[in-house]
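An overview of the molecular structure
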Amino acid sequence: RVQSITSRRPTAPVLNRNRNLTRRHIATKSGNTSGKEKKELTKDDVEKIAAQAKAADKLTNMLLPERMITWRSPFFWLILAGVTYLHFYNSEQAEIEEEKEKQEKEAKRIEIEMRHSAPDSPAERAEKILLKQQQVETWEGKLIAVSKELESAERLGGSASESLKARHVHALSKLNQCKAALAELKAAQASAPGVGPAMP
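Because the structure is a prediction, the values reported are computed rather than measured. Counting restarts for each chain, with residues numbered from 1 along the sequence as it is written. Residues qualify for local features only when their pLDDT is at least 70, as the model is predicted, and side-chain atom pairs are given and counted only at 80 or more; totals for whole chains, interfaces and linings, by contrast, use all residues. For the side-chain quantities, the full set of heavy atoms in the structure was used; hydrogens and water were omitted.

**Describing the overall build of the protein chain**
A tally of helices and strands in the protein chain yields six helices and zero strands. Secondary structure follows DSSP: runs of H or I at least 4 residues long count as helices, runs of E at least 2 residues long count as strands, and numbering of each begins at the N terminus. Counting from the amino terminus, the protein chain carries its helices and strands in the arrangement α-α-α-α-α-α. All accessibility values rest on the Shrake-Rupley procedure with a 1.4 Å probe; residue burial counts only the protein chains present in the view. For the protein chain, the exposed surface amounts to about 17,300 Å²; the carbon and sulfur share of it is 59%.

Below is the structure:
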């Protein structure tokens with residue numbers, strides 16, 4: 001009996017073969033199950049996924065429009081033509097503005113030259129002489145005031161400051177300039193045709 005029972009037990013190769021068969025059966029079953037799951041996608045699901053992909057692609061194109069523009073695209077040539085036109089337009093406008101500025105400067109220069117070259121009217125000459133006489137009187141008063149300060153400083157036995165001396169020299173120089181300009185204006189008025197004697 002012991003021998004018959006022992007002989008009926010499966011050997012090691014048989015057990016390994018049975019295990020391999022069991023593993024293959026499980027793998028085949030799981031593969032069939034995954035295939036069934038993949039086949040469970042309906043037509044609506046496929047259309048939904050396609051719509052989502054299309055919407056994502058459309059959003060990308062809106063955010064990055066240049067990725068759809070190539071040299072074969074008509075939009076590319078439109079952009080190129082627009083940029084070229086704007087370039088030449090801006091260059092032409094810059095030249096026009098520059099020419100206008102030159103003309104304005106030339107007109108101002110001619111106007112200034114005409115003002116200086118045109119003789120003054122008797123009323124204008126009289127006004128200039130009167131203004132220059134007022135300037136002479138003003139600087140005479142300043143020179144007198146500074147001279148009195150210098151005399152006061154010398155009487156007190158002290159030396160006059162450098163600033164006081166500089167004021168005296170400045171007032172004297174301005175007074176001489178105004179007197180010379182006044183003399184020129186009176187001489188011009190006297191030499192002008194059709195004008196009476198110069199103002200005293």
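**Focus: the confidence of the model for the protein chain**
In this model, the protein chain carries an average pLDDT of 76, and 69% of its residues clear a pLDDT of 70 or more. The predictor reports its confidence for every residue as pLDDT, a score running from 0 up to 100. Residue contacts are counted whenever heavy atoms from the two residues lie within 4.5 Å of one another. Confidence drops under a pLDDT of 50 for residues 1-7, and excluding neighbours within four residues, the segment shows zero contacts in the predicted structure. Confidence drops under a pLDDT of 50 for residues 33-37, and excluding neighbours within four residues, the segment shows zero contacts in the predicted structure.

**Observations regarding the pattern of salt bridges**
Whenever a carboxyl oxygen of Asp or Glu lies within 4 Å of a side-chain nitrogen of Lys or Arg, that contact is scored as a salt bridge. For the structure shown, the criterion picks out two salt bridges. Here E106 ties to R109 by a salt bridge, and the two come within 2.3 Å at their closest N and O atoms. Pair noted here: E106 and R109 are both in helix α4 (residues 74-117), with a separation of three residues, about one helical turn. Looking at R109, the relative accessible area reads 38%, which means it is partly exposed. With its nearest N and O atoms 3.5 Å apart, the salt bridge here joins R167 to E149. Of this pair, R167 sits in helix α6 (residues 162-191) while E149 sits in helix α5 (residues 122-155); the two residues are 18 residues apart in sequence, bridging distant segments of the chain. Using a relative accessible area of 35% as the deciding quantity, one classes E149 as partly exposed. Buried means the residue's accessible area, taken with a 1.4 Å probe over protein chains only, is under 20% of the maximum for its type, while exposed means over 50%, and partly exposed covers the values in between.

**Things to note about the packing of α5 against α6**
Between the N-to-C directions of two axes lies an angle of 0 to 180 degrees, each axis being a line fitted to C-alpha atoms and, for a helix, fitted only over the stretch in contact. In the contact formed by α5 and α6, the axes pass within 8 Å of each other and the chain directions differ by 155 degrees. As far as their axial angle goes, α6 and α5 are roughly antiparallel. Here α5 runs over α6; the crossing is left-handed. In this count, Pro and Cys sit with the nonpolar residues alongside Ala, Val, Leu, Ile, Met, Phe, Trp and Tyr, while Asp, Glu, Lys and Arg are called charged and the others, Gly among them, polar. Broken down by class, the residue content of the contact of α5 with α6 amounts to 14 nonpolar, six polar and ten charged. Note on terminology: angles under 35 degrees are roughly parallel, angles over 145 are roughly antiparallel, angles of 65 to 115 are roughly perpendicular, and the others are oblique. Left-handed is the label given to a crossing in which the near helix is rotated counterclockwise from the far helix by less than a right angle, and right-handed is the label when the rotation is clockwise.

**Considering the environment of Q133**
For Q133, the location among the structural elements is in helix α5. Looking at Q133, the relative accessible area reads 17%, which means it is buried. C-alpha separation for the pair Q133 and K179, spaced 46 residues apart in sequence, amounts to 8.0 Å.

**Side note on α6**
In this scheme, a helix's expected span is set at 1.5 Å multiplied by one less than its residue total. Compared with an ideal rise of 1.5 Å per residue, which puts 30 residues at 44 Å, α6 spans 44 Å between its outermost C-alpha atoms and is within 8% of the ideal. Turning to α6, its buried residues are L164, A171, L175, C178, L182, K186 and Q189. Among the structural elements, α5 are those in contact with the buried residues of α6.

**Describing a nonpolar patch on the surface**
A cluster of nonpolar side chains, namely W71, F76, W77 and L80, defines an oily patch on the protein surface of about 450 Å² accessible area. On the secondary structure map, W71 appears in the loop between α3 (43-63) and α4. Within this analysis, patches are made of residues with over 30% relative accessible area and no salt bridge. Like charges are joined at 9 Å or less; nonpolar side chains (Val, Leu, Ile, Met, Phe, Trp, Tyr) at 5 Å or less.

**A word on the packing of aromatic side chains**
The aromatic pairing rule takes the rings of Phe, Tyr and Trp, using the six-membered ring of Trp, and pairs them if the centres are within 6.5 Å, calling planes under 30 degrees apart stacked, those over 60 edge-to-face and the rest tilted. One pass over the full model with this rule turns up two aromatic pairs. Between F76 and W77 the ring centres are 5.2 Å apart and the planes differ by 80 degrees, which places this aromatic pair in the edge-to-face class. The partly exposed category is assigned to W77, whose relative accessible area is 47%. Measuring from centroid to centroid gives 6.1 Å for Y85 and Y89, while their planes differ by 20 degrees, and the two rings are stacked. Placement of both Y85 and Y89 in helix α4 is noted, with a separation of four residues, approximately one turn of the helix. Exposure remark for Y89: the relative accessible area of 38% places this residue in the partly exposed category.

**Concerning a negative patch on the surface**
A surface patch of like charges, here negative, comprises E92, E95, E97, E98, E99, E101 and E104. In this structure, E101 sits in helix α4. In this structure E101 comes out as partly exposed when scored by relative accessible area, which is 47%. All tallies of charge rest on Lys and Arg as positive and Asp and Glu as negative; His and the ends of each chain are not included. Charge positions are represented by NZ for Lys, CZ for Arg, CG for Asp and CD for Glu.

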